[in-house]
Amino acid sequence: MKAISTLAIAIIIIIVIAIVAAAAYFITSSSHHPSVATTTTPTIATNTTAPVTLTVVTFSGESANFIQYAGELFHQVHPNVQVEVIQYPFSEYIQKELTALEAHSSQYDIVGFTSTSALDVASYLLPLNQSVFNFSDIIYPQEDFGGLYYNASTNKTEIIGIAYETAVYLMAYNATIFDNQTLAQEFEQEYHMNFSPITYENWTVVLDVDQFLMSHHITKYGFLIDDHVAHGIIDAFPAVYGWYYFRNSSLNMGNLAGLPNYNIMFEGKILPSFNYPLPSFNSTSGVQALITYRELVSYEPSPSQIQISYDNLPEFFSQGAGAFLFTSQLSYINNSKDVLLAPLPGGYAETGTDFLGISKYSSHPQLALEFLQFLVSPKVQEIAFLKYGKFPISKQAFLSLISNSSLPSYQREWLQETYLAALNATANPPNVPQTYPSLIPSFNNEAFQFLTASQYNETYAMYVLQQAANAWIKALSS
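Treat the numbers as computed from the prediction; the structure is a model and nothing was measured.

Cut-offs and rules
- Residues numbered from 1 in each chain as written.
- Predicted model: local features only at pLDDT ≥ 70, side-chain atom pairs only at ≥ 80, totals over all residues.
- Heavy atoms only, no water.
- Salt bridge = Lys/Arg side-chain N within 4 Å of Asp/Glu carboxyl O.
- Helix = DSSP H or I, 4+ residues; strand = E, 2+ residues; numbered from the N terminus.
- Buried < 20%, exposed > 50% of the residue type's maximum accessible area, 1.4 Å probe, protein only.
- Axes fitted to C-alpha atoms, helices over the stretch in contact; angles between N-to-C directions.
- Parallel < 35°, antiparallel > 145°, perpendicular 65-115°, else oblique.
- Left-handed = near helix turned anticlockwise from the far one by under 90°.
- Contact = heavy atoms within 4.5 Å.
- Nonpolar A, V, L, I, M, F, W, Y, C, P; charged D, E, K, R; others polar.
- Expected span 1.5 Å × (residues − 1).
- Bend = angle between axes of the 7 residues up to and from the residue.
- Polar contact = N/O pair within 3.5 Å; in protein donor to acceptor, adjacent residues only side chain to side chain.
- Pairing = 2+ DSSP bridges.

Before going further, it helps to examine the pattern of salt bridges. Counted by the stated rule, this structure contains 2 salt bridges. Across the pair Glu165 and Lys390 runs a salt bridge whose closest N-O atoms are separated by 3.7 Å. Placement of the pair is Glu165 in the loop between strand 6 (162-163) and strand 7 (168-174) and Lys390 in the loop between helix 14 (378-388) and helix 15 (395-402), with a sequence separation of 225 residues. Accessibility assignment for this pair places Glu165 and Lys390 in one class, buried. Notably, a salt bridge pairs Lys379 with Glu382, separated by 3.8 Å at the nearest N-O pair. You can see Lys379 and its partner Glu382 sitting in helix 14, 3 residues apart, about one turn around the helix. According to the relative accessible area criterion, Lys379 is exposed, its value standing at 62%.

As a further point, take the packing of helix 2 (residues 62-77) against helix 14. Between helix 2 and helix 14, the least distance of the axes is 10 Å, while the angle of their chain directions is 130°. As summarised for this structure, helix 2 and helix 14 are arranged oblique, according to the angle between their axes. Pair helix 2 / helix 14 crosses with right-handed handedness. Of helix 14, the residues touching helix 2 (which contributes Glu62, Asn65, Phe66, Tyr69, Ala70 and Leu73) are Val380, Gln381, Ile383, Ala384, Lys387 and Tyr388. The residue inventory of the contact of helix 2 with helix 14, partitioned by class, reads 8 nonpolar, 2 polar and 2 charged.

Our focus in this paragraph is helix 9 (residues 233-246). Compared with an ideal rise of 1.5 Å per residue, which puts 14 residues at 20 Å, helix 9 spans 20 Å between its outermost C-alpha atoms and is within 8% of the ideal. Of all the bends in helix 9, the largest measures some 35° and sits at Val240.

The next thing to look at is the side chain of Thr55. As for its position among the elements, Thr55 is in strand 1 (residues 52-59). On the accessibility criterion, Thr55 (11% relative accessible area) is buried. In this structure Thr55 touches Glu84, Ile86, Gln107, Tyr108, Asp109 and Ile110, once residues within four positions along its chain are discounted.

Contact pair helix 7 (residues 181-191) / helix 8 (residues 203-215): the axes reach a minimum separation of 11 Å and the direction vectors enclose 120°. The orientation of helix 7 relative to helix 8 falls into the category oblique. Once helix 7 is placed against helix 8, the crossing between them reads as right-handed. Counted together, Leu183, Glu186, Phe187, Glu190 and Tyr191 of helix 7 and Asp208, Val209, Gln211 and Phe212 of helix 8 form the full contact between these two elements. In terms of residue class, the contact of helix 7 with helix 8 is built from 5 nonpolar, 1 polar and 3 charged.

Turning next to the environment of Ser403. Residue placement: Ser403 occurs in the loop between helix 15 and helix 16 (409-422). Judged by its relative accessible area of 57%, Ser403 falls in the exposed class. Between the alpha carbons of Ser403 and Leu415 there is a distance of 9.9 Å; along the sequence they are 12 residues apart. Within the structure, the side chain of Ser403 is placed 3.1 Å from the backbone oxygen of Leu399, a separation counted as a polar contact.

A few words now on the sheet that holds strand 1. Adjacent strands of a sheet form backbone hydrogen bonds with each other and so pair up, either parallel or antiparallel. Strands sit in the order 2-1-3-12-6 across an open sheet of 5 strands; the sheet is mixed. For this open sheet the edge positions go to strand 2 (81-88) and strand 6, each flanked by a neighbour on one side alone. Relative to strand 3 (residues 110-114), strand 1 is paired through 2 bridges, and the arrangement is parallel. Across the sheet, residue Val57 finds its bridge partner in strand 3, namely Val111. Against the sheet, helix 13 (residues 365-375) touches strand 1, strand 2, strand 3, strand 6 and strand 12 (354-358), its axis set at about 155° to strand 12.

Dropping the structure here:
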């Protein structure tokens, strides 16, 4: 009996030690793998030996291919984990995602979305804890337009997704024209301003360059800018309007980029008795921007006949001085090695980044989180550019690539200017839920009438902007 008691005591001690050890491991493991904020979904540790498939859904293209390649690299670090990227055409992917999310399906662990579709999927995504990501390395203005959700009822901002690449709307110019010293001297003697696009401080210089080049029959068009009524106007107008909004404190109210999701086309604060900010463009600043936009368009094909769009802009590029475009369009331009980049006049840009978020119904939220951390790490972000031509979201990756002397000089120039522009890419249109069904058509249609009118003045500009603002207020209040 004594021997049995001793054995029993020994077994009890072993069990207690095992429990303590397990508890200690769990606490230690948890401290090294922060979980997604507020989720109650069971987590799966990455050191498990059971095979796991992490499923990502997004739109087809090079971005999806990059994510799949990063998944293969992740698999090398975690041999038990397979990453599968499901690709759908851009016109179909968001509906495919919503169908699964609305059914609370665990089919997808990670969900891809764009800035303008962010709020369509926001309610189905786990909020991401800011401390989980190294935001000192991530270019935050890229994260701001689509990765953040402003909750007007709580006056708080939540992180719903992580930007995994940089895309900005800036100035691209034909280096063979602007590196011509004879032209530069002629322009500077005539206009008393620097010819180089990286020096432009305002939109007036752009118009002067347009006039100079076309009046001297050097180019057929000036700097091209999107005037496509179906969509492009909502990208192009904010790019111009940003210069005026940033300098008008009565509109931005101290928030130079506006409020998340509303951005610069709205005022920077919500006034008492409202649950949304008021439109900002129905103002003297908006009038100045719209007239400037109209004058820029006058140096390209008439929008009554041919509208410049995301798709056909590369086709016209060689006939003009350059263009205002998204960096994602560079690969479509012929002889792109002769193209150099500059920020929008005054040193800012607009962003149009893509994101990944974690589904609330994922069976593997911890693993999904760790993959997103891996995806935006500097080394993987370098690969995004070297292998897929995607500009990184990581500052460290940018700086490493810029100093990489094995890259062609024009690519390092692209990286340098995109990096500087991305740090101040805050001239963004709204991405509230009403944007696509209501805000874009109501604004674009009014602006297009102004762009194609035979005559225009400040009074007419204010009229069309007020009409658009009234439509926006109606859409938001309903």
